[in-house]
Amino acid sequence: MGTFLSTQGIPRGSWDSHMHVVDPSTYPLAKDALYTPKPHLLSQALRFEASTGIRNIVLVQPSIYGTDNSCLLDALRVLGPRHGRAVVAFDCDTIDTVTLTKWHRWGVRGVRVNTQSIGKHIDVEELVATLRRYADIIRPYNWVLQLYVPLATAEILEDIVPQLGVRVCLDHFGSPDLLDVSTYTDDDSDPYNLRGFRSLVKLLRQGSTYVKLSAPYRISRDNNAWKDLEPVARELLKVAGMSRAVFASDWPHTRFEGLDIKPFVEMLLDWCGYDEVLVERVFRCNAEELWQ
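Residues numbered from 1 in each chain as written. Predicted model: local features only at pLDDT ≥ 70, side-chain atom pairs only at ≥ 80, totals over all residues. Heavy atoms only, no water.

- An unreviewed UniProt entry annotates the chain as Amidohydrolase-related domain-containing protein originating from Aspergillus versicolor CBS 583.65.

Quick word on the packing of helix 8 (residues 262-271) against helix 9 (residues 276-291)
- Closest axis-to-axis distance for the helix 8/helix 9 pair is 9 Å, and the angle between their directions is 135°. It follows from the interaxial angle that helix 8 and helix 9 lie oblique. Contacts from V265, L268 and L269 in helix 8 reach V279, V282 and F283 in helix 9.
- Here the contact of helix 8 with helix 9 is composed, by residue class, of six nonpolar, no polar and no charged. (Axes fitted to C-alpha atoms, helices over the stretch in contact; angles between N-to-C directions. Helix = DSSP H or I, 4+ residues; strand = E, 2+ residues; numbered from the N terminus. Parallel < 35°, antiparallel > 145°, perpendicular 65-115°, else oblique. Contact = heavy atoms within 4.5 Å. Nonpolar A, V, L, I, M, F, W, Y, C, P; charged D, E, K, R; others polar.)

Notes on the pattern of salt bridges
- The tally for this structure, following the rule as stated, stands at 15 salt bridges.
- A salt bridge links R112 to D171, with the nearest nitrogen and oxygen atoms 2.9 Å apart. Of the two residues, R112 sits in strand 4 (residues 108-114) while D171 sits in the loop between strand 6 (167-170) and helix 6 (197-206), which places them 59 residues apart along the sequence. Of the two residues, R112 and D171, both sit in the buried class.
- The salt bridge partner of E288 is R284, with a shortest N-O separation of 3.2 Å. One end of the pair is E288 and the other is R284, both in helix 9 and four residues apart, which spans about a single turn.
- Here E288 falls in the partly exposed class, since its relative accessible area comes to 35%.
- On the basis of relative accessibility, which here comes to 18%, the residue R284 falls in the buried class.
- Connected through salt bridges with shared partners, the residues K227, E230, R234 and D270 form a single ionic network. (Salt bridge = Lys/Arg side-chain N within 4 Å of Asp/Glu carboxyl O. Buried < 20%, exposed > 50% of the residue type's maximum accessible area, 1.4 Å probe, protein only.)

Here it is in structure tokens:
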């Protein structure tokens with residue numbers, strides 16, 4: 001078992017499984033970017049991680065860069081594969097094995113499909129076809145298919161994911177829409193009344209799906225204590241905490257800049273019941289297995 005840091009309760013060797021670096025002045029944003037963030041450089045990211053006691057990070061391609069991974073890849077090469085991993089975005093029609101092999105050597109371990117940030121609706125047939133194409137490309141590298149999609153999409157994923165032959169990771173608690181109470185079918189204190197939650201639980205129990213415990217501020221109606229998110233979080237920890245749930249900071253909290261992540265870390269530890277074994281799994285072991 002790892003040694004806990006006295007100030008944070010986070011195990012040594014922990015991973016932050018989702019963060020971004022952006023530098024619009026050096027790396028131009030995609031033409032269709034929906035917002036323009038301030039620069040958030042790797043040096044700033046590392047200072048932030050040092051404040052939490054975390055050294056191992058997963059850089060995730062933000063939607064504002066489209067499929068141009070230059071900013072992320074340059075940061076990844078500075079980090080090195082010992083402490084860094086990355087999740088890229090690419091076009092299935094133009095990617096090639098030479099590029100994939102090079103990226104893998106640098107520490108890339110996944111590709112992201114993101115419909116949530118850009119508000120894009122994909123019908124069932126298109127979604128299934130898209131996931132199959134990405135899975136076929138990344139399967140030889142044992143990469144992760146990372147999805148940022150609404151929780152209701154889990155009803156579709158429940159059938160398709162077991163057929164893909166790759167591991168899948170869902171962003172931000174599976175992205176439930178707690179801001180809209182109409183997404184509940186009944187009592188809003190029972191996560192199983194959220195459309196898609198039962199399917200998410202089934203996926204987690206099947207064994208090839210992971211979920212990131214991250215970005216509560218993108219989900220909750222309660223920006224202080226996340227009380228409406230607590231039932232979701234506790235059930236996900238009960239179902240997947242010992243094997244397929246991972247912590248992530250979502251730094252620099254784009255469109256929510258300036259947030260202090262430490263209260264969320266403290267709340268997550270509380271949701272874990274301060275169980276050292278469970279905390280070790282959520283903050284370190286599960287991530288090590290997911291990102292190789």
